There are 4 protein chains.
Amino acid sequence: MNNIRVGIVGLGRLGKVHAQNLATGVSGCELTAACSLVETELAFAQKNLGVKHTFSSYEEMVKSSVIDAVFIVSPSGFHCDQVRLAMENGKHVFTEKPLGLEVEDIKKTQKVIEEHPEQVFMLGFMRRYDESYQYAKKMVEDGEIGEITLIRCYGIDPSEGLESFVKFAMNNDSGGLFLDMAIHDIDLVRWFTGQEVDQVWAIGKNAAYPELDQAGELETGAAMMSLSDKTMALLVAGRNAAHGYHVETEIMGTKGMLRVAQAPEKNLVTIMNDQGIIRPCSQNFPERFREAFIREAQEFISCIQEKRQPAVNAEDGLQSTKIALACQESFDTKSLVQLKK
Amino acid sequence: MNNIRVGIVGLGRLGKVHAQNLATGVSGCELTAACSLVETELAFAQKNLGVKHTFSSYEEMVKSSVIDAVFIVSPSGFHCDQVRLAMENGKHVFTEKPLGLEVEDIKKTQKVIEEHPEQVFMLGFMRRYDESYQYAKKMVEDGEIGEITLIRCYGIDPSEGLESFVKFAMNNDSGGLFLDMAIHDIDLVRWFTGQEVDQVWAIGKNAAYPELDQAGELETGAAMMSLSDKTMALLVAGRNAAHGYHVETEIMGTKGMLRVAQAPEKNLVTIMNDQGIIRPCSQNFPERFREAFIREAQEFISCIQEKRQPAVNAEDGLQSTKIALACQESFDTKSLVQLKK
Amino acid sequence: MNNIRVGIVGLGRLGKVHAQNLATGVSGCELTAACSLVETELAFAQKNLGVKHTFSSYEEMVKSSVIDAVFIVSPSGFHCDQVRLAMENGKHVFTEKPLGLEVEDIKKTQKVIEEHPEQVFMLGFMRRYDESYQYAKKMVEDGEIGEITLIRCYGIDPSEGLESFVKFAMNNDSGGLFLDMAIHDIDLVRWFTGQEVDQVWAIGKNAAYPELDQAGELETGAAMMSLSDKTMALLVAGRNAAHGYHVETEIMGTKGMLRVAQAPEKNLVTIMNDQGIIRPCSQNFPERFREAFIREAQEFISCIQEKRQPAVNAEDGLQSTKIALACQESFDTKSLVQLKK
Amino acid sequence: MNNIRVGIVGLGRLGKVHAQNLATGVSGCELTAACSLVETELAFAQKNLGVKHTFSSYEEMVKSSVIDAVFIVSPSGFHCDQVRLAMENGKHVFTEKPLGLEVEDIKKTQKVIEEHPEQVFMLGFMRRYDESYQYAKKMVEDGEIGEITLIRCYGIDPSEGLESFVKFAMNNDSGGLFLDMAIHDIDLVRWFTGQEVDQVWAIGKNAAYPELDQAGELETGAAMMSLSDKTMALLVAGRNAAHGYHVETEIMGTKGMLRVAQAPEKNLVTIMNDQGIIRPCSQNFPERFREAFIREAQEFISCIQEKRQPAVNAEDGLQSTKIALACQESFDTKSLVQLKK
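We now turn to the structure provided with this report. Just so you know, these numbers come straight off a predicted model, no measurement behind them. Within every chain, residues take consecutive numbers counted from 1 along the sequence as written. Here chains are named by letter from A upward and ligands by number from 1 upward, in the order in which they appear as written. Thresholds applied to this predicted model are a pLDDT of at least 70 for local features of residues and 80 or more for the giving and counting of side-chain atom pairs; totals over whole chains, interfaces and linings are not thresholded and use all residues. The side-chain numbers reported here are obtained from all heavy atoms of the structure, hydrogens and water having been left aside.

## Re the overall build of chain A
The helix and strand labels rest on DSSP assignments: H or I over at least four residues marks a helix, E over at least two residues marks a strand, and numbering proceeds from the N terminus. In terms of regular secondary structure, chain A is built from 13 helices and 15 strands. Each radius of gyration is computed over the set of C-alpha atoms, and the globule rule expresses the reference value as 2.2 Å times the number of residues to the power 0.38. Against the 2.2 N^0.38 benchmark of 20 Å for 341 residues, chain A shows a C-alpha radius of gyration of 20 Å, consistent with a compact globule. The dimensions of chain A, computed from C-alpha atoms along their principal axes, are 50 × 50 × 45 Å. Between buried and exposed lies partly exposed: a residue is buried under 20% and exposed over 50% of the maximum accessible area for its type, with that area taken using a 1.4 Å probe on protein chains only. Taken over 341 residues, chain A has a buried fraction of 63%. Computed with a 1.4 Å probe, the accessible areas rest on the Shrake-Rupley method; for each residue, only the protein chains presented here act as cover. As presented, chain A carries roughly 12,400 Å² of accessible surface, and 48% of it is formed by carbon and sulfur atoms. Taken as two groups, the 35 positive and 48 negative side-chain charges of chain A have centres that lie 2 Å from each other. Positive charges come from Lys and Arg alone, negative charges from Asp and Glu alone, with His and the N- and C-terminal ends not counted. Charged side chains are reduced to one point each, which is NZ for Lys, CZ for Arg, CG for Asp and CD for Glu.

Shown next as structure tokens:
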């Protein structure tokens, strides 16, 4: 079977992770093209990853015949346009989350995707491909914890990135904590429960950097949701975890509870010193989800080879953005928000 | 110094715990009297605990001269009346939580308490006297986790009591999950943060016993609160923890996080068998808070001896009931509830 | 029932722990007498613990009629003599470990004890009264881990005491690491397995304070033992645990393993900060075994009241000292030592 | 750079793991040849792994020009011969542990290896390539735990393989528990401490299958070692861990302790159910060391490409076998064994 030829757009921090994986860690594919406006990023792709074709125009790349599939790791605002353009040019598409920032734009994109059922479309909710999450999902599906009553999701970035985020936030719009950060957790809520969100209330507090209030941004936020079957969801999103990258998910059922990464243990080492008994922590998302990113890309390539669609689709993109926007609206209006069906 | 002579009212499950502690585990006191309508309970107190004076009338007991102080462990609906009667008869008073079920009744009681400043009044929020909670509180006060941004409190009873609760709930009123169960966590929120609750939204789901819907009761409920300084509080109360008695509290701050009883470990034993690596769990509140109950009673006696008032007072009783009632109102009306100042 | 009147000899660090427990934490007894050569210790006992009778002569105390029982917490070298004297004067006897430092002396004492079967004799292996150890013991007896194949015992003192031990060791004889420290673990080996030791090899290393080599003392030592039914025992004793007081016991069986205090967790608090995920540790034996000391003393008093003998007897004292001496002999002679039947 | 062409010999359980990694998980190489006496194994290699050249004669394979390097995963008794033959035919060599079963044979092989310094030779102590072990090693090298005083190594296979081992052992010679199983731990002792073993005493017990006594095999064994600088080493090897594949290593130093895999946690999931709080366990070596096997093979290929020798060499093979043989001799002769320099 011929290798799937992939072109990537976006070579920032996460883009580099994906590019590296496609170049060496994923089988059945070849990273043949890269698109960026940053000259040094393209040089990196050529020299370090052996990428043959580089583009400064995304349109040129998706129209060229040197790729079969595109990997979109550009800023969120570009995702919808780039997905449509690639789909319309006959390419398989993987895009990072979120699928889009506005509901109408996503719906339009979803329609284009549906018009090309023979092309693979996949959305980058990589946590679904993490081994611990898959283990938990299987336990839930096997009924080992009974019926789900409550799910709690934490997604908190390490403190070390907070100061630079504050600087960024003074002059830029991140899309808000819920769309920027909580969207992974929103997807987990939907994935584990199989339910849609009915109502949401979101609140937040800026304590380390009160100046974030002016920027309309949040250091730490929380959202509580009631799902269509009354299952409860508690979300905490934040940018200030002193110990590292804290992504934790808890699922309570009528017969037991599960916690994925109750603490984000870095490895199997325990240290005993004058501080006490210590488990070191994962420090960032490339570390915590290193394997999940590879398995996610592998699934994308396998879907193309085996002519099937992955489990994470455009509808997941639509719903997760709708919920994230509802969280933001709730926070902005200080009121309970009812989601539209 | 003479021993403080204590009379107890209520010798149910928790009453027996207190009575036993007062009879043998607490120094500086003597359990001289007991009041109950159940003949066998009084016989137990006489025979097993050496109680000299038994009463079927509470009024008689608080008016008698054989006690200096009263320990109220009767059903919640009696607390306010019994506190007032004891205060007015010159006795020191310890009462179990909640101080009362209605705000006006509590305010009336609070007034009576304030009129007798020379008598000790203490409210039974025993978690404050647990060593782990005290350790956490000291860390917070020492600034080790910076400013608090969020507090999460779980109070979930073991599954084994659920079936009998369902039977009870079909014909009785527990006061509701939030007043019955979450009130301890509400006290912890106020104790750790030093803030009052501003707004609350509460939801719930009955999954193991859907018939609880008709009874207006909850198997599992959640409440999210915004405090006066925007600190966030997440509460989960429930009656269905398969692994035991799950009381967990997490405090997030700008410099670190603390978890008290991330898992309710029963002791220091770890078992490795074909189930995996296992830590056994505390199975109920008398086990988990055995020492806290003793230390709490000891503090009550010491306050009397040292002529000072304990840290848990009537105002704590008033505020915690107000918040619990607001949770219940939010759940009943399916809306965000604003607390009155 | 009248309170048992107890006299204590030795009011050093551990003596104070016992004295406090007997004075306030143990029911059914009264601490009526104390014996010490240190004036301030006796003053402390009078003032803080309400001890009525003080003695500078042990002989006087055990001959007086103000006590029914004696609690021996003097230096190890005095234990045998003091046990015999108390027994011969009709007193019940509790003595701290070790029963003695020399086999012949212990045998002589054992004979005296056996001549007074109506008096209670108890040896202070308090770990047997710790809740976690009792939980583990019950699991073993219930067959939950099958037949025991190996037991591993760690007993390591916190580093903070090491420097002062080094100073002490330069001019004194501690009896050696195995008799001074490992004897508790030796008792655990015998208690859990029900077997006697057949052969032993002991080694050691001084790394933080190499000067201990000259003193004939050890910072850290290890002993491996083969028991009569081939069960294996691994012991580590030491004086340099940076994280606290590390007493850990592991029991491997054909169906599972148990660990008691895999890490000496101080309480139920977990801290997450820039060091990682931290569990604080117990810092010393009074902290770790606080309740065990009380339960042990309570058992002694109960035995007297109920006219029965405790489970820890003179034979346990004889065998544990024999094994500790064999460890020391093995270390000194650098050879495998065969224990005599 | 051209891919290194690798031929593998041995396609049993571990052989398949290596073959799969070389075929798809390791970059810079190609699995071009396979040698086995089992027809179906070769068919598997051709069909599933795309291996082009298959051999039933090892000699033919190492003499052919279709490979640059050989991966030896045959039974231990063949290793030495096969290493020499490959070396003498100009091939780079990776061999599974142990390098050999007899000291003289290993020395002869070591001489051949040294005569071909331009060819890479690597020994399969994969634990050195596990992330947790590397993290621990770095901490030790950075001095974070001070000087090492004691190392404890457990290597215990899961119970589920025990019954079939017993059947195997009745008619075959495994080489003994220490050479078969403890050799990985022996390598860890040498790797972490940088010291050689001076004296050893080894014991063992068969409890689940006493019939192993007749076979001269062990279900569980322990060895205590004194190293050249007096550092202590405790080894437990076994075949009966009910909870899974228990490989644990502890390193005590003057400033702290480290534990690698205090418990062999399978992933980041914690389960709370009626058994307690559970962490699932790794079930076997391919699961626990999945990544280590890949990283080990990657290091072998990188060494060839970069013309350097890996850290694990023939001397490590010689010493580890010498120590394992000394353990076996100690167990057989029931005496302390002094290793020759």
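Next, the rest of the story.
## A look at unusual backbone geometry
Following K97 of chain A, the chain continues into P98 of chain A via a peptide bond in cis, with omega recorded as -10°. As for its position among the elements, P98 of chain A is in the loop between β5 (92-96) and α5 (103-114). For K307 of chain C, which is not glycine, the phi torsion reads 50° and is therefore positive. When you line up the elements, K307 of chain C lands in the loop between α12 (290-306) and α13 (314-333).

## Some details on the environment of A223 of chain A
On the secondary structure map, A223 of chain A appears in strand β9 (residues 220-227). On a C-alpha basis, the gap between A223 of chain A and Q328 of chain A in space is 9.5 Å, while along the polypeptide they are 105 residues apart. Any two residues whose heavy atoms approach within 4.5 Å are treated as being in contact. Setting aside residues no more than four positions away along its own chain, A223 of chain A makes contact with F178, V200, W201, A202, A233, L234, L235 and C327 of chain A together with M224 of chain B.

## Some words on the relation of the copies chain A and chain B
The copies are overlaid by a least-squares fit using only the C-alpha atoms of residues whose pLDDT is at least 70 in both copies. Least-squares fitting of chain A to chain B yields an RMSD of 0.0 Å, with the transformation described by 0.0 Å of translation along the axis and a rotation of 180°. What the superposition gives is, in effect, a two-fold axis relating one chain to the other. When the interface residues of chain A are mapped onto chain B, 100% of them again lie at the interface, so the same face is used by both copies.

## Remarks on the packing of aromatic side chains
Each pair of aromatic rings is reported with the distance of its centres and the angle of its planes. In summary, the pairing rule links any two rings of Phe, Tyr or Trp, Trp by its six-membered ring, whose centres are within 6.5 Å, and it sorts them by plane angle into stacked for under 30 degrees, edge-to-face for over 60 and tilted for everything else. Inspection of every chain in the model, using the stated rule, returns 32 aromatic pairs over all chains. Plain terms: the ring middles of F285 of chain B and F293 of chain B are 6.1 Å apart, the flat faces sit at 70° to each other, and that makes the pair edge-to-face. Judged on exposure class, the residue F285 of chain B and its partner F293 of chain B are both buried. Look at F165 of chain C and F168 of chain C: their rings are 6.1 Å apart centre to centre, the planes differ by 40°, and that puts the pair in the tilted class.

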